[in-house]
Amino acid sequence: MSLAFIPLYIHFMGIEAYGLVGIFATLQAMFGLLDMGLSPTMNREMARLSVLPDSAQTMRNLVRTLEIIYWVVALFIGIIIIFAAPFIAYNWVRSGQLPPSTIQQAVIIMGVVMAFQWPLSFYSGGLMGLQRQVLLNGITVTMATLRGAGAVLILWLVSPSIQAFFTWQIIISLLNTVAVAFYLWYSLPPSKTKATFQKEMLRDIWRFAAGMSGITLVVLLLTQLDKIILSRLLTLKMFGYYILAGVVAMSLTRIVGPVFSALYPRFTQLVSLGNQEELKHLYHRSSQLVSVLILPVACTLSFFSYEILLLWSQNPITVDNTHFLVSILVVGTALNGLLHMPWALQLANGWTTLYFYAISIESVLLVPLTILLATHYGAVGGASVWVILNAFSIFFVIPVMHRRLLLGEMWRWYGEDVSLPLLAALSTAGLARILFIEPMTQPKILFMLFTVFLLTFGITLLATTMTREWMLKKIAECNKLNCELLKLKTSLK
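Residues numbered from 1 in each chain as written. Predicted model: local features only at pLDDT ≥ 70, side-chain atom pairs only at ≥ 80, totals over all residues. Heavy atoms only, no water.

**Q** Just to check I follow, could you spell out the overall build of the chain for this structure?
**A** Helix and strand counts for the chain come out as 19 helices and zero strands. Taken across its 493 residues, the chain has 52% of its residues classed as buried. In the chain, of all internal contacts separated by at least 6 residues, the share reaching a separation of at least 24 is 84%. (Helix = DSSP H or I, 4+ residues; strand = E, 2+ residues; numbered from the N terminus. Buried < 20%, exposed > 50% of the residue type's maximum accessible area, 1.4 Å probe, protein only. Contact = heavy atoms within 4.5 Å.)

**Q** Looking at this model, I keep getting lost on the packing of helix H15 (residues 340-348) against helix H16 (residues 353-401). Mind explaining?
**A** What describes two packed helices is the angle between their axes and the distance between those same axes. As a packed pair, H15 and H16 sit with axes 11 Å apart at the nearest point and diverge in direction by 50°. Classified by the angle between their axes, H15 and H16 sit oblique to one another. Considering the relative orientation of H15 and H16, their crossing is left-handed. Along its contact with H15, which presents Pro 342, Trp 343, Leu 345 and Gln 346, the element H16 presents Leu 354, Tyr 355, Val 397, Ile 398 and Met 401. Its residues assigned to classes, the contact of H15 with H16 shows eight nonpolar, one polar and no charged. (Axes fitted to C-alpha atoms, helices over the stretch in contact; angles between N-to-C directions. Parallel < 35°, antiparallel > 145°, perpendicular 65-115°, else oblique. Left-handed = near helix turned anticlockwise from the far one by under 90°. Nonpolar A, V, L, I, M, F, W, Y, C, P; charged D, E, K, R; others polar.)

**Q** Help me understand helix H1 (residues 6-13), please; the structure alone is not making it clear to me.
**A** Inspection of H1 places Ile 6, Pro 7, Tyr 9, Ile 10 and Met 13 among the buried residues, and these make up the whole buried set. The buried side chains of H1 occupy one side of the element, clustering within an arc of 160° when seen end-on. Gly 14 sits one or two residues past H1 and shows a positive phi near 95°. (Arc of directions from axis to C-beta.)

**Q** It is not clear to me how the pattern of salt bridges should be interpreted in this structure. Could you clarify?
**A** Note that side chains of opposite charge can pair when their charged atoms are close. Scanning the entire structure with this criterion turns up six salt bridges. The residue Glu 67 makes a salt bridge to Arg 64 at a minimum N-O spacing of 2.4 Å. You can see Glu 67 and its partner Arg 64 sitting in helix H4 (residues 56-92), three residues apart, about one turn around the helix. When its relative accessible area of 9% is taken as the criterion, Glu 67 is described as buried. Among the charged side chains, a salt-bridge network with shared partners connects Glu 277, Lys 280 and Glu 409. (Salt bridge = Lys/Arg side-chain N within 4 Å of Asp/Glu carboxyl O.)

**Q** Explain the nonpolar core to me, please; I cannot follow it from the model alone.
**A** Nonpolar side chains in soluble globular proteins generally cluster together in the buried interior. Residues Tyr 9, Tyr 18, Met 46, Ile 162, Phe 165 and Phe 166 are the most contacted members of the largest nonpolar core, which totals 68 residues. At 13 residues, H4 tops the list of elements feeding residues into this core. Those residues in contact with Tyr 18 that lie beyond four places of it in its chain are Ile 6, Tyr 9, Ile 10, Gly 240, Ile 243, Leu 244 and Val 247. (Core = buried A, V, L, I, M, F, W, Y, C linked by side-chain atoms within 4.5 Å.)

**Q** Is there a simple way to explain a nonpolar patch on the surface in this structure?
**A** Taken together, Leu 153, Trp 156, Leu 157 and Val 158 make up a surface patch of nonpolar side chains, about 470 Å² in accessible area. Inspection of the secondary structure puts Trp 156 in helix H7 (residues 133-158). Here Trp 156 falls in the exposed class, since its relative accessible area comes to 57%. (Patch = residues over 30% accessible without salt bridge, like charges linked within 9 Å, V, L, I, M, F, W, Y side chains within 5 Å. Areas by Shrake-Rupley, 256 points an atom, 1.4 Å probe, with all protein chains shown as cover.)

**Q** Sorry, what's going on with the side chain of Ser 187 here?
**A** Turning to its location among the elements, Ser 187 is positioned in helix H8 (residues 162-187). For Ser 187, a relative accessible area of 17% puts it in the buried group. One polar contact links Ser 187 to Arg 132, side chain to side chain, over a distance of 2.9 Å. What Ser 187 contacts, discounting residues up to four positions off in sequence, is Leu 127, Leu 130, Arg 132 and Leu 135. (Polar contact = N/O pair within 3.5 Å; in protein donor to acceptor, adjacent residues only side chain to side chain.)

**Q** Is there a simple way to think about the packing of aromatic side chains in this case?
**A** Within this structure, the stated rule accounts for 14 aromatic pairs. Ring geometry for Phe 304 versus Phe 436: centroids 6.1 Å apart, planes at 80°, classification edge-to-face. Placement of Phe 304 in the loop between helix H12 (276-303) and helix H13 (305-313) and of Phe 436 in the loop between helix H17 (410-435) and helix H18 (442-463) is noted, with a sequence separation of 132 residues between them. One exposure class covers both Phe 304 and Phe 436, and it is buried. Ring geometry for Phe 453 versus Phe 457: centroids 5.9 Å apart, planes at 25°, classification stacked. Of this pair, Phe 453 and Phe 457 both sit in helix H18, separated by four residues, roughly a single helical turn. Judged by its relative accessible area of 26%, Phe 457 falls in the partly exposed class. Clustering of aromatic rings is evident, with ring pairs tying together Tyr 70, Trp 118, Phe 122 and Tyr 123. When the ring centre of Trp 351 is taken as origin, the NZ or CZ atom of Arg 404, which lies over that ring, is 4.2 Å away. (Phe/Tyr/Trp six-rings, centres within 6.5 Å; stacked < 30°, edge-to-face > 60°. Lys NZ or Arg CZ within 6 Å of the ring centre and 35° of its normal.)

**Q** What's the story with the environment of Gln 169 in this structure? I'm lost.
**A** Checked against the element boundaries, Gln 169 lands in helix H8. Once the C-alpha coordinates of Gln 169 and Gln 117 are considered, the two residues, 52 residues apart in sequence, prove to be 9.2 Å apart. Not counting residues within four places of it along the chain, the set of residues in contact with Gln 169 comprises Val 113, Arg 147 and Ala 151.

**Q** Would you mind going over the packing of helix H11 (residues 253-273) against H12 with me for this structure?
**A** Between H11 and H12, the shortest axis-to-axis distance is 11 Å and the interhelical angle comes to 175°. Of the possible angle classes, the one that applies to H11 and H12 is roughly antiparallel. For the pair H11 and H12, contact is made by Ile 255, Val 256, Val 259, Leu 263, Arg 266, Phe 267, Leu 270 and Val 271 and by Glu 278, Leu 279, Leu 282, Tyr 283, Ser 286, Leu 289, Val 290, Leu 293, Ile 294 and Val 297, respectively. Residues belonging to the contact of H11 with H12 are distributed by class as follows: 15 nonpolar, one polar and two charged.

**Q** Sorry if this is basic, but what is going on with the environment of Ile 23 here?
**A** Relative to the helices and strands, Ile 23 resides in helix H2 (residues 15-30). With 216 residues separating them in the primary sequence, Ile 23 and Phe 239 have C-alpha atoms 9.3 Å apart.

**Q** For this particular structure, what's the right way to read the environment of Gly 129?
**A** Mapped onto the elements, Gly 129 comes out in helix H6 (residues 120-129). Classification of Gly 129 as buried rests on a relative accessible area of 0%. A sequence separation of 83 residues divides Gly 129 from Met 46, and the C-alpha atoms of the two residues are 4.8 Å apart. Apart from the residues within four sequence positions on either side, Gly 129 is in contact with Asn 43, Met 46, Ala 47 and Pro 265.

**Q** What exactly am I supposed to notice about H18 here?
**A** The α-helix winds at 3.6 residues per turn, so residues separated by three or four positions along the chain end up facing the same way. The end-to-end C-alpha separation of H18 is 31 Å, in line with the 32 Å expected for 22 residues at 1.5 Å each. Within the span of H18, buried status applies to Ile 445, Met 448, Leu 449, Val 452, Thr 456, Thr 460 and Ala 463. For H18, the angular spread of the buried residues around the axis is 100°, confining them to a single face. Turned more than 90 degrees away from the buried face of H18, the exposed residues are Pro 443, Lys 444, Leu 446, Phe 447 and Phe 450. (Expected span 1.5 Å × (residues − 1).)

In structure tokens:
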């Protein structure tokens, strides 16, 4: 939904106003620091406690304790953004057509949206820890549809302004947070005693939460500092194009994110039970699953970014300014996606220091690299930093991690889980790019892209041992079933 409605947002509001949507996303990520590691802690604790006997009261008290903290922080965030609105509007954003007063009004409304939306990650973490992903997905699908379709209707029928856009976000954010909060409490096991705030529970989780808080800080710097710098170096119009390209590229995380959400609690349970053999098996299967899901999409999108964006936006000017940015950012996002299962393994073991040190190093490199490359090469240079830093993680984090966790499994991850599907996806989509014949009508381009993706996806599937084993198993089952049917048919005769 977030991708489908972007061309309509730009059509009604203009690219500068859409740049303010990017400012909102950056502010939202910046205040992620105040999460203090509580959302992933909530996820891990719910998963851990769910397999322990007589833990119902502990779970409910923990939710109540962290819930109160979260709403206090949400109120604080809203106030900070509202008071910062004049500075952002008059001193930071380089606007062209939008007057600073309009920007200030939009930022004030952003503060209210943030206050209502902030606790959502906490409640979602609780539902994911309880492995209620299907329920959470249902709420997310409903709210995403209302958020996108409703915003378009508001811009079309009420007012094509950034103020109207964010006012609608207030309503949806409140509904979303209330719905997820209600179902989290409903999903908790019942207890005879009312849930209460207990500050001593914070002592039991502070170490993991502190580690996650530190990681949140450096992840914030790693993923958002480029946008903060570029929002100052680029015009609001060019920054809007950069944000647009980033949204398209980051759509890959919507593929790998659900896999992480579903499997991380299971990793935590297996670690708690000490079942290393099943953990190893699940780690490789899930890593190959991520490769199969993300690499065909990434390669197709990267090689054919111009054609895909043109079909999507129907705006050649937008495509000219964004397609190369999309190709670069997709590569970095795909590399980042491959790291999700190793990251889940580390979190399940309560080990946060490795990732913290890795992204701390990357964050130190981020500022000079972004300023240097963006100054000389503009938005393209800024986008290239994302690829460089994620490549560093691929070749640094994995070897260090496997010296401590799942010993002897590193080369299998590099080879079977990543390299084989990557080679299959790259060679298939790359060959299609070479053989692509221009010009084509849009229906033919759509058919060609669909064919390329299916071929890339199919060959990548065959390149993974997980898929081959599954297919051989199904073939054997079918052969067995056919033999039994043949015997039954013969006996009936």
